[in-house]
Amino acid sequence: MLVPLSWLGDYVTVKATPEEIARRLAISSLDVERILDVGVRDLDGNIGRFLVGRVLEVEAHPNADRLRVCQVDVGEGDARQIVCGAWNFEAGATVAVALPGAYLPILDAPLDERELRGQASRGMILAEDEVGLGDDHAGIMLLEDGLEPGRPLVDVLPIRDRVLDATPTVNRVDQLSMVGIAREVAALLDGELHIPEVEDPAVVDEEPVDIRIEDLERCPRYIGRVFRDVTVAPSPQWLRARLHLADIRSISNVVDVTNYVMHVWGSPLHAFDRSKLAEGRIVVRRAQPGEKVRTLDGVNRKLEQEDLVIADAERAVALAAIMGGEETEVTEETTEVLLEAANFEPLGILASSERHALRTAGSNRWEKGVDAYLAEPAAKLASRLLVDLAGARMTGSTDVHGELPERRVVHLRPERASKVIGLEIPPDEQRKTLEGFGFEVSPEWDVTVPTWRARDVTREVDLVEEVARPVLDRVPLTMPRRRHVQGRLSPSQRLRRLTEDVLVGAGLSEAYTWSLAASDPSFEAIRLPDPMTADQAVLRTTLLPGLVSALQTGIDVGADARGLFEIARVYLPSDEQLPEERWRLAAIVAGGYAAAKGVLEALHDALKLELRVERDTHALLHPGKTAKMEAGVLGELHPTLLEGTWGGFEIDLETLFSQVPERSVYEDVITYPAVNQDIAVAVDEDVEVGALVDAAREAGGPLLREARVFDVYRGEQVGEGRKSVAIHLAFQSPERTLTDEEAADLRGVIVEALASSFGAELRA
Amino acid sequence: MQSEEIDLGTVAAVDAQEVESEALSAVAAAGTVDEIERVRVEYLGRKSPLKLALREVRDRETGMTLNALRERIETTIDAREEELRRAELDRRLIEERVDVTIPGEDVRRGHLHLITQIRREFEDIFLGLGYTVVDGREVETTRYNFDALNFPEGHPSRSPLQTLFLDEETVLRTETSPSQIRTMEAQEPPVYIVSLGRVYRRDTPDATHTPTFHQAEGLAVDEGITLGDLLGTLDYLCKALFGESRKTDFRIHHFPFTEPSVEAYVSCHVCDGSGCPVCRHSGWIEVGGSGVVDPNLFEFVGYDPEKYTGFAFGWGLERIAVLRHGIPDLRELWRNDPRLLGQF
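Here's a quick rundown of the structure. From a predicted model like this one, the values you see are computed outputs, not experimental measurements. Along each chain, residue indices are assigned from 1 in the same order as the chain's sequence is written. Chain letters and ligand numbers both follow the written order, the letters beginning at A and the numbers at 1. At least 70 in pLDDT is required for a residue's local features to be given in this predicted model, at least 80 for side-chain atom pairs to be given and counted, and no such filter applies to totals for whole chains, interfaces and linings, which use all residues. Derived side-chain values reflect all non-hydrogen atoms in the structure, with water molecules and hydrogen atoms excluded from consideration.

A few points about the overall build of chain B
Under the DSSP-based scheme used, a helix requires at least four consecutive residues in state H or I and a strand at least two consecutive residues in state E, with every element numbered from the N terminus. Along the backbone of chain B there are twelve helices and ten strands. Its C-alpha atoms give chain B a radius of gyration of 41 Å, more than 25% over the compact-globule value 20 Å for 344 residues. Based on the C-alpha atoms only, the size of chain B along its principal axes is roughly 125 × 45 × 45 Å. Exposure categories follow from relative accessible area, calculated using a 1.4 Å probe and restricted to protein chains: below 20% of the type maximum is buried, above 50% is exposed, and the middle band is partly exposed. By the burial criterion, 53% of the 344 residues in chain B qualify as buried. Computed by Shrake-Rupley with a 1.4 Å probe, the accessible areas treat only the displayed protein chains as cover when residues are assessed. For chain B, the accessible area works out to roughly 16,200 Å², and carbon and sulfur atoms hold 49% of it. Between the mean site of the 39 positive side-chain charges and the mean site of the 62 negative ones, chain B shows a separation of 3 Å. A radius of gyration in this sense is built from C-alpha atoms; the matching globule rule multiplies 2.2 Å by the number of residues raised to 0.38. When charges are counted, neither His nor the chain ends are considered; positive counts come from Lys and Arg and negative counts from Asp and Glu. Working definition for charges: the position is that of NZ of Lys, CZ of Arg, CG of Asp or CD of Glu.

Structure, rendered in structure tokens:
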């Protein structure tokens, strides 16, 4: 919503700079994006060089066919000679004149006196685009007759203005109007509000207006007025200028009036060429099956029954509240106009607007819920302007409506307001605030809500907001008392952080990949019925595929990728309405199975866990290098996935964390030294070293503190199909120093156990 | 040098003066620590003439003389040794000089994603204030995502044009706020929580939008919570994230779940409020929405709105990343380019 301050000044008198107005509105009412500077510059008396002039004489230029020489009275006594290239005026016209020295927004240097083809020209007769009041350059601006020559042009036209670029929040459709914003400004800056009041034109030669509302729920009100003898023409310069500053395209006087009044009151209007309405009738109804309408944007729209239309006696002529139809459009030939000042219910309009992907200045207001009472002042102002500007006679007026909403009364406890806001606001100040915004406050604090706030203010807390708005920048900054609270991470949140830190320490970087994927290995994965793109169609049940793509990015850019990990949710289908969401960890590590396992072991170590795996298979992993554990899967990435050798794992974190011991308890490994013994045994190739270690532990009993494989060797000495496994053994007692004999005995037991279970031969 | 075979007969008659002058010249001649050690063995060792003579000595006077001699030689050797050690150390230190600008040995260290870093920072700020961290769920019912949060019928967010639906009653959460409702349903006040995580909207990806992004949500419900408490908390948050010297500004706004609703602005940390491209020349940067919890939410969860009041706020973590770290395009945060990840 663009708010030219010169225009706003019609409705509010206030002692404040544009910046102060913008700041107050921004704090208390609506977002003010910026203040635009438009028109001619306001420096060194520049504005004083723009005057109203009257053309006294117009003569042909002796040396140029396209130019004319004018004598123009600008109130100086003597007329000025000005050479002009426009032809849309004659002697007697009232025009806008820039004197030499004036800076025009379209010129870099000031206007100078000069000769044009041998004729002195001491000024310039202005077209609207030369002072930022429009785009038209076909002719000069013609001002209304009777303006006194020499009068400052700025009194007549906003040749210099500041324009607020403001965006109200969705609940404040009342601020999509000049009157609404004027009311805020008056209340917030102690200004004086002047609600525009016009005299309704008299109805002459009265005729009936045939308005029928078939769906009062969706169209609670329809004021229809008929005008005859309408002269469709360009709008007067002041109207064109105002619309231009508000970024509304000027079309013709009749259409401009409807747009102008919408901007003033916030209640959109429409004008039909009544002669094109079958039987001159308006019917507000749902669209019929298969019905179509060609809207003003030239699109043939197929209507649905949910669409509300304006129809005549025969067919739909407009998509109600959204856009008029081409067939009944007001054109230069139009002489009979039916003016619509109605009210429409928001949700139906919003649905139609979305269905037809058509948003207009009108639908933008209706979909937020416009006050039904505004139809009346809007109709009045528009009627007045049609009579004044288009020479029309109003010949009929009807107001069809259902029961219009009564004004709501809400009780306010001023002390409650102060308490919630955290600032003591005297009741008198609260009352004054509310009254400024248009509320009526009884002595008992029963507050009557103005009709234009009916949807927005329904409860005491809504009134508290009204009271808070103007004082927001006075509210003291405090902190809650926070008794009985204590802040800490949950155990699993702490462990997630630890996990991240361990993986970062192991050289991996954290990736973020999308929860939605093009596909998922699980057939049961939840599919969006209407995805944005094919890439983001399925809620993933696994993280690894996304991580593979992420790593590919690193490979593509040639970076030294050492590996990535991600901690994120997966979404597992369940029997409930909502899927089961679980925290997963996935990682990909440069260097293959052992590299990934090393990282996973480091993580287990940090969590005080021992990693135990058994052989498994997995679609993304190398069939010979895949293992599983209770919490997930570990392996070497299948060689077809990525260039190079990569290991990876994917772990369910809740499962993993559930195994983490609550605390570690001291074990005496210091007082009595350990006895270290290394053994090497030869076993068949298919014996897994994990099984050897398990057997050694079993045989070694509690005095075997450590059993760790540190080398696996294959070679001639070991023999075909066999391997030598070197195991480090450490024996230790927390109670005494073990003798060499005890250690040797235990070692013997272990070797024997390995021999009997696996046919292991002791090599050293 | 003395031969191994010492004539025991001559020992007692060792010539103290001669031994001393010999020893002192040997000390002076020693050029390394090893050499001085050999001198020590030669003149003071178990088999040195002096030691042997001392062992044989019988009269007190000779003993005192020889002991004094031994002490003198020893002192001289010690001093010389110290001198030589120092010289050797000095030489070594000079020889071992390296080019200190040579890079260190490669240590593998990864990086937390920038959003995780910001997430932790945000969590820590509020942990310090006594809040707990809640992990909300991402797939939500429309009841929790919209109804409970007081979204009116016809609110644009309820439209499939803005929200990703799984079915008519199930959506990918559009904000972290449903976790407020679930938390309040599960416990009585006081409630002080933050909830951070992924949210989903039907936004076409561009430099400032990704269809998935991260929100940080805060909720405080207690007796006597005020709008001022909200503003004070946000002021603290802004200073913690953007610097102690930042100023805050609050402007009225509208959200379904809060009344009154407020949008927070922080003075631009780049230009300090004088105007620059980061703050679009306004001096202020919008950082997040907030407000006093709408009593309708309390009604939904069964809290007494007369007894309790609360505030809530929601920030975008990506926005903090953009403002504070100058990320030019949000999509980059999802590309996982190691060259970007490694910067943070």
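Moving on, there is more to tell.
A few points about the packing of aromatic side chains
We call Phe, Tyr and Trp rings a pair once their centres come within 6.5 Å, taking the six-membered ring for Trp, and we label the pair stacked below 30 degrees between planes, edge-to-face above 60, and tilted otherwise. A full pass over the atoms with the stated rule returns 17 aromatic pairs over all chains. Summarising the aromatic geometry, the rings of Phe298 of chain B and Tyr303 of chain B are spaced 5.7 Å apart at their centres and angled 45 degrees between planes, so their arrangement reads as tilted. Through a chain of ring-to-ring contacts, three or more aromatic side chains come together here, namely Phe122, Phe126, Tyr131, Tyr192, Phe311, Phe313 and Trp315 of chain B. Between Arg41 of chain A and the ring centre of Tyr103 of chain A, over which it is positioned, the NZ or CZ distance is 4.1 Å. Seen from the ring of Phe437 of chain A, Arg469 of chain A lies directly overhead, with NZ or CZ sitting 4.0 Å from the centre. Sitting over a ring, as applied to charges here, requires NZ of Lys or CZ of Arg to be within 6 Å of the ring centre and within 35 degrees of the ring normal.

With respect to the sheet that holds strand S3 (residues 31-39) of chain A
Residue and element names in this part refer to chain A. Here three strands make up an open sheet; going across it, the order is S1-S12-S3 and the pairing antiparallel. Sheet topology places strand S1 (2-4) and S3 at the edges, where each strand pairs with a single neighbour. Ignoring strand direction, the axes of neighbouring strands in this sheet form an average angle of 25 degrees. Where S3 meets strand S12 (residues 160-167), eight bridges bridge the pair, whose relative direction is antiparallel. Considered in S12, the bridge of Leu36 is made with Val163. A pair of strands is considered paired only if DSSP assigns at least 2 bridges between the two. Helix axes are fitted only over the stretch in contact, all axes being lines through C-alpha atoms; the angle between N-to-C directions runs from 0 to 180 degrees.

With respect to the sheet that holds strand S21 (residues 316-319) of chain A
All names here are of chain A. Ordered by their spatial adjacency, five strands build an open sheet running S14-S17-S20-S21-S22, and the pairing between neighbours is mixed. Single-partner strands in this sheet number two, and they are strand S14 (211-213) and strand S22 (323-324). As judged from the four bridges shared by strand S17 (residues 282-286) and strand S20 (residues 308-311), these two strands associate in the antiparallel manner. What sits directly across from Val283, in S20, is Ala311.

Focus on the pattern of salt bridges
Take a side-chain nitrogen of Lys or Arg and a carboxyl oxygen of Asp or Glu: if they are within 4 Å of each other, that pair is a salt bridge. Tallying each qualifying case throughout the model produces 102 salt bridges over all chains. Close ionic contact of Glu306 of chain B with Arg413 of chain A constitutes a salt bridge, the shortest N to O distance being 2.8 Å. Here the residue Glu306 of chain B occupies a position in the loop between helix H10 (295-301) and strand S10 (309-316), and Arg413 of chain A occupies one in the loop between strand S25 (409-411) and helix H9 (414-421), the pair thus bridging two chains. Relative accessible area serves as the criterion here: at 25%, Arg413 of chain A is assigned to the partly exposed category. Measuring nitrogen to oxygen at the nearest pair gives 2.8 Å for the salt bridge that ties Glu96 of chain B to Arg92 of chain B. A residue is classified by how much of its surface remains accessible, and Glu96 of chain B, at 45% relative accessible area, is partly exposed. One network of salt bridges, with partners in common, ties together Arg172, Asp174, Glu184, Arg453, Asp456, Glu466 and Arg469 of chain A.

Observations concerning the environment of Lys292 of chain A
Residues and elements named next belong to chain A. Relative to the helices and strands, Lys292 resides in strand S18 (residues 292-294). Taking relative accessible area as the criterion, Lys292 reaches 53% and is therefore assigned exposed. Residues Lys292 and Ala316, 24 residues apart in the sequence, show an inter-C-alpha distance of 7.2 Å. We call two residues in contact when some of their heavy atoms are within 4.5 Å. Setting aside residues no more than four positions away along its own chain, Lys292 makes contact with Arg301, Lys302, Leu303 and Ala316.

Description of the state of the cysteines
Residue and element names in this part refer to chain B. Throughout, disulfides are identified as pairs of cysteine sulfur atoms within 2.5 Å of each other. The final tally for this structure, using the stated rule, is zero disulfides over all chains. Here Cys268 is not cross-linked by a disulfide; its sulfur's nearest cysteine counterpart is in Cys276, at 3.6 Å. In this structure Cys268 comes out as buried when scored by relative accessible area, which is 0%.

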